[in-house]
Each structure stands twice: as structure tokens, then as C-alpha cells.
Amino acid sequence: MIYTITLNPAIDLVIVTKKLEPKVVNRTESFELQPNGKGVNVSFILKKLGIKSVATGIGGGFTLDYVTNGLAAKGIKTKFLNVKGLTRVNVFTNVIDQNTEYKEVNPGPEISKEVQQQFLAYFEETLTEEDLVVISGSFAQGIEPSYLVQIARIVAAKKAKLVIDSSYLAVIDTLPYHPFLLKPNETELASFYHYQGEMTSAKTVELAQKLVQAGCQNVLVSLGARGAALISEKEVLFANAPKIKVVNSACAGDTMLGTFLAFIEKGQSISEALKVAVAAGSDTASRTGLTDFKLDKLLPQITVKEGMK
């Protein structure tokens, strides 16, 4: 079974408006409410591709109910611990006449140490060596970045696989537990090693290979408009991104990760998984919701090659 962990779930309010002016009533073109959180999105993508998962995490209030009900409506099992505070609502506004997007992201509820331990206990009791755990995104208030290491320790003890998509520097401390895959973007990859120079292709490969040498099995690097790269002990693969008009980039990385994992789960080659993952992530970025996997116009634009030059 695949378990996705979202420790700061959200409802995303996605707004499209012709203009955005101060101190006046701005009438919008459309809006959409979406159950969200990076792990939540991975579960949605896995479901679209016929892969079962259990969406887990910590949240609270009627806003968490909206998230879990949205997952259940798609046939996705959930196991969220409920706390007193409210799961957050984030706002993403696409302004047509400015050709830009505004992102307003709120903090989550305060999570006690007791609840954090309850969540860890759930995984200690549940995981088997057949399972894969995906932990994605930021943590709600009260959860320290070192919580990543506690989760990694449990997953390793159970001989399960671990996937991490997080910007916390504590990611480095999980490497002794040999995570199956890390998914940083270029900025996050640089921050792991306190590198402040230009992220050239060579530097991207160099830093990703350092992660591999330190214990990570695979590194999937999101390169934004340039595409993505997969670095492991055996290979370096690069996939360019297709040309799109960005509408909402919030879930593109989650789509890429979920698609990549689904295709690996189905026994497809890493090269094919990378190609479809980039296409799916790009398609999500071009719309207000997640991709519908109608990728016929995007896939021909993508080439997977060895190396990054």
C-alpha cells in the first residue's frame, strides 16, 4: 500500500480575475475550491492512474472535513488525526491583465506533541515491508522539521520505502535511512548544501549525486519551465518541459511526483515515468485543477535524454 502524509492539509481557493485593484470591489471571472495539501494531491493523482493509496495526516475543523470528504468522494481511504484548530485555506489568484499569479498561503493549526506521537504510533503499528510512504510539504505549527527523521526511522525499521518532498533542511538527516526518492526543486537542492551560486546543469547533477552518495536511492529534481531530471547511482536523465501557459502552478510538482510513482508502481521504465510525469505536471500548471491525463499534445514535445547539458 502507498501512504501519503500531509501534515498541513489545506483548502485551496483558486480565483481567476480580469484585474486586481486596491480598495475597490474586484468582481472575479471564476473561483474553485480544491481539497489540497501536497500529499493529498499525490493521492488524487495516484487514484486517477488506478493506484490505491491511504491519505493520512493531521488537521482540524470543518475545513479538514472538506478535504477528507473530497478524498472519500474519489474513493480514496483516509486516516487523519483531528485536532481543535482549523485546517488552513490558501488563496491563489490569477490576474489576467497582469498575466501573473498571486499566492497567499496561511499557517496551519497548532499540533501538540501528544498528537504527533499518536501519528507516529499509527505508522509503527500499520506499516509493512510492502508499503511505500510519501511525505510531502510543510508542517503545521508545533511540528519540528526533525519530525521527518522520526518518520524516516520508522519506515526504515519496517523495511518500507520512503519518498520525501520537503524543503526542510532536515531532509539531509534522513539520508542514513536510505529514502527511496527525494523530490527537491533546484532552490531546495541548493539549500540542502548551503549553495548560493548559480544552479547550472552541472551543479544540479553534482548536488543530486551528493544526495545519492549519502544514502538516497533516487533524486527527482523539478526544474520548473525547463522540465525535470532523475539522478540515481546508475544514471542521469533529463526531460524538457512542453510549452504551456501557466494558470496555477501550485499542484504541478505534486502531479509530477504522483505520476512518476504510479508509473514506477506499474512497472514502467524510469525514462517513461519521467516523460509522462513532466507532461502531467505541465498540464496541471496550465489549468485550475489537476490534470485529466489527456496529454497527447504535450508528450510529443518532451524528449528524455541521458545527462543534463
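To be clear, the structure that these remarks concern was listed above.
From a predicted model like this one, the values you see are computed outputs, not experimental measurements. (Residues numbered from 1 in each chain as written. Predicted model: local features only at pLDDT ≥ 70, side-chain atom pairs only at ≥ 80, totals over all residues. Heavy atoms only, no water.)

### Focus: a nonpolar patch on the surface
A cluster of nonpolar side chains, contributed by Phe31, Leu33 and Tyr66, occupies part of the molecular surface with about 310 Å² of accessible area. Structurally, Tyr66 can be placed in helix α2 (residues 61-73). Using a relative accessible area of 34% as the deciding quantity, one classes Tyr66 as partly exposed. (Patch = residues over 30% accessible without salt bridge, like charges linked within 9 Å, V, L, I, M, F, W, Y side chains within 5 Å. Areas by Shrake-Rupley, 256 points an atom, 1.4 Å probe, with all protein chains shown as cover. Salt bridge = Lys/Arg side-chain N within 4 Å of Asp/Glu carboxyl O. Helix = DSSP H or I, 4+ residues; strand = E, 2+ residues; numbered from the N terminus. Buried < 20%, exposed > 50% of the residue type's maximum accessible area, 1.4 Å probe, protein only.)

### Remarks on the nonpolar core
Counting 49 residues, the largest nonpolar core has Leu7, Phe123, Ile135 and Ile151 as the members making the most contacts within it. The contact partners of Phe123, leaving out residues within four places of it in the chain, are Tyr3, Ile5, Thr56, Val133, Ile154 and Lys158. (Core = buried A, V, L, I, M, F, W, Y, C linked by side-chain atoms within 4.5 Å. Contact = heavy atoms within 4.5 Å.)

### What about the environment of Ile135?
Tracing the sequence through the fold places Ile135 in strand β8 (residues 132-136). Those residues in contact with Ile135, other than ones at most four positions away along the chain, are Ile5, Leu7, Leu148, Ile151, Leu162, Val163, Ile164 and Asp165.

### Focus: the pattern of salt bridges
One pass over the structure, following the stated rule, counts seven salt bridges. A salt bridge links Arg226 to Glu186; the shortest N-O distance between them is 3.0 Å. A residue pair is termed long-range when its members are at least 10 positions apart, and Arg226 in the loop between β11 (218-222) and β12 (228-232) and Glu186 in helix α5 (residues 186-192) qualify at 40 residues. Arg287 is the salt-bridge partner of Asp292, the closest N and O atoms lying 3.4 Å from each other. Judged by its relative accessible area of 27%, Arg287 falls in the partly exposed class. One salt-bridge network, held together by shared partners, links Lys38, Asp165 and Asp254.

### So, the sheet that holds strand β7 (residues 100-104)
Pairing in this open sheet of four strands is mixed, and the strands run β3-β2-β6-β7 from one edge to the other. In this open sheet, the two strands that pair with only one neighbour each are β3 (30-36) and β7. With direction set aside, neighbouring strand axes in the sheet form an average angle of 15 degrees. As paired elements, strand β6 (residues 88-95) and β7 share five bridges and run antiparallel to each other. Looking at β7, one finds that Asn94 is bridged to Glu101. Sitting on the sheet, α2 touches β2 (10-17), β3 and β6, and the angle it makes with β3 is about 80 degrees. (Pairing = 2+ DSSP bridges. Axes fitted to C-alpha atoms, helices over the stretch in contact; angles between N-to-C directions.)

### Quick word on the environment of Lys79
The topology assignment puts Lys79 in strand β5 (residues 77-83). A relative accessible area of 40% places Lys79 in the partly exposed class. Along the primary structure Lys79 and Asn185 are separated by 106 residues, whereas in three dimensions their C-alpha atoms are 28 Å apart. Once you skip the residues sitting within four places of it in the chain, Lys79 turns out to touch Val54, Ala55, Thr56, Gly57 and Tyr122.

### Focus on unusual backbone geometry
Its identity as a non-glycine residue notwithstanding, Lys23 has a phi of 65 degrees, on the positive side. Assignment of secondary structure puts Lys23 in the loop between β2 and β3. Under the relative-accessibility criterion, Lys23 is labelled exposed at 87%. Positioned with a positive phi, Asn99 is a non-glycine residue whose angle comes to about 50 degrees. Classification of Asn99 as exposed rests on a relative accessible area of 60%.

### With respect to the packing of helix α7 (residues 252-265) against helix α8 (residues 270-285)
Axis separation between α7 and α8 bottoms out at 7 Å; the angle between their running directions is 150 degrees. The angle between the axes of α7 and α8 places the two elements in the roughly antiparallel class. Two packed elements cross with a definite hand, and for α7 against α8 that hand is right-handed. Together, Ala252, Thr255, Met256, Thr259, Phe260, Phe263 and Ile264 of α7 and Ile270, Glu272, Ala273, Leu274, Val276, Ala277, Val278, Ala280, Gly281, Thr284 and Ala285 of α8 make up the contact between the two elements. Taken together, the residues of the contact of α7 with α8 sort by class into 13 nonpolar, four polar and one charged. (Parallel < 35°, antiparallel > 145°, perpendicular 65-115°, else oblique. Left-handed = near helix turned anticlockwise from the far one by under 90°. Nonpolar A, V, L, I, M, F, W, Y, C, P; charged D, E, K, R; others polar.)

### What to know about the pairing of strand β4 (residues 53-60)
Across the eight residues of β4, eight count as buried, placing the element largely inside the fold. Going residue by residue along β4, you find Ser53, Ala55, Gly57 and Gly59 tucked away on one face and Val54, Thr56, Ile58 and Gly60 tucked away on the opposite face as well. By the bridge criterion, five bridges tie strand β1 (residues 2-6) to β4 in an arrangement that is parallel. Its bridge partner lying in β4, Ile5 is registered against Thr56. Here seven bridges tie β4 to β5, and the two strands are oriented parallel to one another. Bridged to Gly59 within β5 is Asn82.

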